[in-house]
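Below are the chains, spelled out letter by letter.
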Amino acid sequence: MKFLTSLVCLGVVLIAQNASGYNILGVFPTPGRSHYILGSSLMKGLAQAGHNVTIVAAYKQEIPVENMREIVVAMTPADSLSEILYQLTNKSPSEQIRDVLAYGLLFTDETLSDPNVKDLMSSGESFDLVIIEIFYSESLLGFGRIFNAPVIGFSTFGAAKSSTDLNGSPSPLSYVPHFQFTFSDRMSFMQRLRNVLLTTYENVYMDMYYDDKQTALYNKHFPDPKPDLKDIWKTKMPLVLLNSHFSLNHPRPYLPSMVEIGGFHIKRKPKPLPKDLQEFLDHSPNGVIYFSMGSTLHGVHFPTEKRNAILRVFSRLPVKVLWKWEDDTLPGKPENVLIRKWFPQDDILAHPNVRFFITHGGLLSTMEATYHGVPVIGIPIFGDQMMNMAKAEAAGYGLTVKFGNFSEESISWAINELLSNDKYSIRAKTISARFRDQPEDPMSRAVYWIEYVARHGGAKHLISGGQELSFIQYHNLDVFALLLAVPLLIFVILKRMFRKLMKKICKRTCKENLTKKLK
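The following refers to the structure shown. Remember, predicted model here, so these are calculated numbers, not experimental data.

**Structural notes on a positive patch on the surface**
Thought 1: Taken together, Lys-495, Arg-496, Arg-499, Lys-500, Lys-503, Lys-504 and Arg-508 make up a surface patch of like positive charges.
Thought 2: By the element assignment, Lys-503 lies in helix α19 (residues 477-518).

Below, the structure written as structure tokens:
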């Protein structure tokens, strides 16, 4: 009996240990639904791993998730930005940088100003970890101080200045292009020059304007006493999770604290489709084209002449089309086109009858298409979309139709090229095989590294000392200046000594000559 009692007690202890988890807060300040899909997927993965998670975001789950508390923030709907974003194609890269930074400041301020968030900040709750989305939201680092917890960064679009600045990973401008460019890692001289100029412009603009704005938000929303934002900006982030994977990008250097988890949100086993969609896809002997401009950009805001052009092209096709269209009606809709305000994109792309995907080129869309081996036609509008499509083109599984040059002829050529040429599909499946070839599931990788930081008390050993260096120190400009100055100084000294010597010799020679003449 005593043995049985001891065994039961041991079992209870083991169950309690396994059931316990970390208290984790996730803050995702961007109102774009695609950003929320990624943030909520990460938090759901942590909840399923047994942790107690709290997520701050602009949306919530339709079905509550066990172990996950949701704090919904009232923010400017990203949907309202759709028409504005279509206009960004007419702007220069430097103008787009300013716009993106302005959006980051707006979303961050709205998050920190929300009454629900303020209640959380003053609640006195305890968290073991804080995960923040890195989208020009550096003042959110103050959550680490509020809850006395390590802060982990999460970048929804891979490595960029906003993420590398927080952990010090190098970004050599000679072969790491700015995300606004479509350059590869093998740039020409002029491309390297443009890369340096745009990056320098971004650095100067952020140093002179943006950084002060983030500091003002930090000082406005987080109570004193507190450390200076720039101090925690450079020294408090042990881990950055990147929604990227090397098989889809150009090779570049990462510190150990930069961990790629690209594809973690993609379902390894697709969910069953609604009956009508399943039948639509199953009964399409010539295949289906899937068309979506993403969650933020809306098809209904497509300029009328461009919309009519693509409708005329669709009406002549032997294949069916699924078009994400945010209205109940579509004037001039052909019989072979099915419209919906929302599609289960990941599950649709997994269907074998999808021939290719017409997309805006967002990272989630191109990543999901790549995972499922589906070629893409891109109509990039802003941000990293041009770069994503440039990579798809270079890899051989996509084509780009520039929004400014969009016409019936250009989109018709691209569609018929992908329908008639199998090389794009073959290449897409090759890249898909590379992307899927990973030693572990990327969600498991994300959970492991998040738990690693918690297990090791904030994993301060992952924080690079390079973060504490100034620009001059980081690039050893002071060392090179000294190494250059020493030989120059020696040269100057020797030159002066030589001149003095020559003067003495000349003086002596002249004196001797004068003496001879006098004699």
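**Remarks on the side chain of Gln-467**
Thought 1: Mapped onto the elements, Gln-467 comes out in the loop between α17 (442-455) and α18 (471-474).
Thought 2: Looking at Gln-467, the relative accessible area reads 8%, which means it is buried.
Thought 3: A distance of 2.9 Å separates the side chain of Gln-467 from the backbone oxygen of Asp-165, its partner in a polar contact.
Thought 4: Look past the residues within four positions of Gln-467 in its chain and what remains in contact with it is Thr-164, Asp-165, Leu-166, Asn-167, Gly-168, Trp-233 and Lys-234.

**Comments concerning the sheet that holds strand β6 (residues 239-242)**
Thought 1: On the basis of which strands lie adjacent, the open sheet formed by seven strands has the order β3-β2-β1-β4-β5-β6-β7 and parallel pairing. Bordering the open sheet on either side are β3 (68-72) and β7 (258-260), each of which pairs with just one other strand. Here the average twist between neighbouring strands, direction ignored, is 20°.
Thought 2: Pairing of strand β4 (residues 129-133) with strand β5 (residues 151-155) involves four bridges; the strand directions are parallel. When the bridges of β5 are listed, Ile-132 appears paired with Gly-153.

**Things to note about unusual backbone geometry**
As a rule of thumb, non-glycine residues mostly have phi less than zero, and peptide bonds are mostly trans rather than cis.
Thought 1: In this structure, the amide linkage connecting Asp-224 to the following residue, Pro-225, adopts the cis form with an omega of -5°.
Thought 2: Topologically, Pro-225 is positioned in the loop between α8 (189-221) and α9 (229-235).
Thought 3: Positive phi values are uncommon outside glycine, yet Tyr-136 reaches one of about 50°.
Thought 4: Along the polypeptide, Tyr-136 turns up in the loop between β4 and α6 (142-146).
Thought 5: Even without being a glycine, Asn-148 presents a positive backbone phi close to 50°.
Thought 6: Along the chain, the position of Asn-148 falls in the loop between α6 and β5.

**Things to note about the pairing of strand β2 (residues 52-57)**
Thought 1: Among the six residues of β2, five are classified as buried, and the element is accordingly described as predominantly covered.
Thought 2: The pairing of strand β1 (residues 23-27) with β2 spans five bridges and is classified as parallel. Bridge assignment links Leu-25 to a residue of β2, and that residue is Thr-54.
Thought 3: For the segment spanning β1, helix α2 (residues 33-48) and β2, crossover handedness is right-handed.
Thought 4: Bridge count for β2 against β3 is five bridges, and the pairing is parallel. Looking at the pairing, Thr-54 lines up with Arg-69 of β3.

**A look at the pattern of salt bridges**
Thought 1: Within this structure, the stated rule accounts for 15 salt bridges.
Thought 2: When the shortest N-O distance is used, the salt bridge between Glu-326 and Lys-324 registers 2.4 Å. Each member of the pair, Glu-326 as well as Lys-324, carries the same accessibility label: buried.
Thought 3: For Lys-341, the salt bridge identified is with Asp-328, shortest N-O distance 3.3 Å. Taken together, the residues Lys-341 in the loop between β10 (337-340) and α12 (345-349) and Asp-328 in the loop between β9 (320-324) and β10 connect sequence positions 13 residues apart.

**Brief notes about the environment of Leu-101**
Thought 1: Secondary-structure assignment places Leu-101 in helix α4 (residues 93-113).
Thought 2: Exposure remark for Leu-101: the relative accessible area of 2% places this residue in the buried category.
Thought 3: As for Leu-101 and Gly-404, which are separated by 303 residues in sequence, their C-alpha atoms are 24 Å apart.
Thought 4: What Leu-101 contacts, discounting residues up to four positions off in sequence, is Tyr-136, Tyr-205, Met-206 and Tyr-210.

**Examining the packing of aromatic side chains**
Thought 1: Taken as a whole, this structure holds 28 aromatic pairs when the rule is applied.
Thought 2: Seen from their ring centres, Phe-127 and Phe-147 are 4.9 Å apart, and the 85° between their planes marks the pair as edge-to-face. Of the two residues, Phe-127 sits in the loop between α5 (115-121) and β4 while Phe-147 sits in the loop between α6 and β5, which places them 20 residues apart along the sequence.
Thought 3: For Phe-147, a relative accessible area of 6% translates into the label buried.

**What about a nonpolar patch on the surface?**
Thought 1: Together, Leu-482, Val-486, Leu-489, Ile-490, Ile-493, Leu-494 and Met-497 make up a nonpolar patch on the protein surface, roughly 680 Å² of accessible area in all.
Thought 2: Within the secondary structure layout, Leu-482 lies in helix α19.
Thought 3: The class of Leu-482 is exposed, set by a relative accessible area of 54%.

Conventions and cut-offs
- Residues numbered from 1 in each chain as written.
- Predicted model: local features only at pLDDT ≥ 70, side-chain atom pairs only at ≥ 80, totals over all residues.
- Heavy atoms only, no water.
- Patch = residues over 30% accessible without salt bridge, like charges linked within 9 Å, V, L, I, M, F, W, Y side chains within 5 Å.
- Areas by Shrake-Rupley, 256 points an atom, 1.4 Å probe, with all protein chains shown as cover.
- Salt bridge = Lys/Arg side-chain N within 4 Å of Asp/Glu carboxyl O.
- Lys, Arg positive; Asp, Glu negative; His and termini not counted.
- Charge placed at Lys NZ, Arg CZ, Asp CG, Glu CD.
- Helix = DSSP H or I, 4+ residues; strand = E, 2+ residues; numbered from the N terminus.
- Buried < 20%, exposed > 50% of the residue type's maximum accessible area, 1.4 Å probe, protein only.
- Polar contact = N/O pair within 3.5 Å; in protein donor to acceptor, adjacent residues only side chain to side chain.
- Contact = heavy atoms within 4.5 Å.
- Pairing = 2+ DSSP bridges.
- Axes fitted to C-alpha atoms, helices over the stretch in contact; angles between N-to-C directions.
- Right-handed = clockwise from strand over helix to strand, strands pointing away.
- Phe/Tyr/Trp six-rings, centres within 6.5 Å; stacked < 30°, edge-to-face > 60°.

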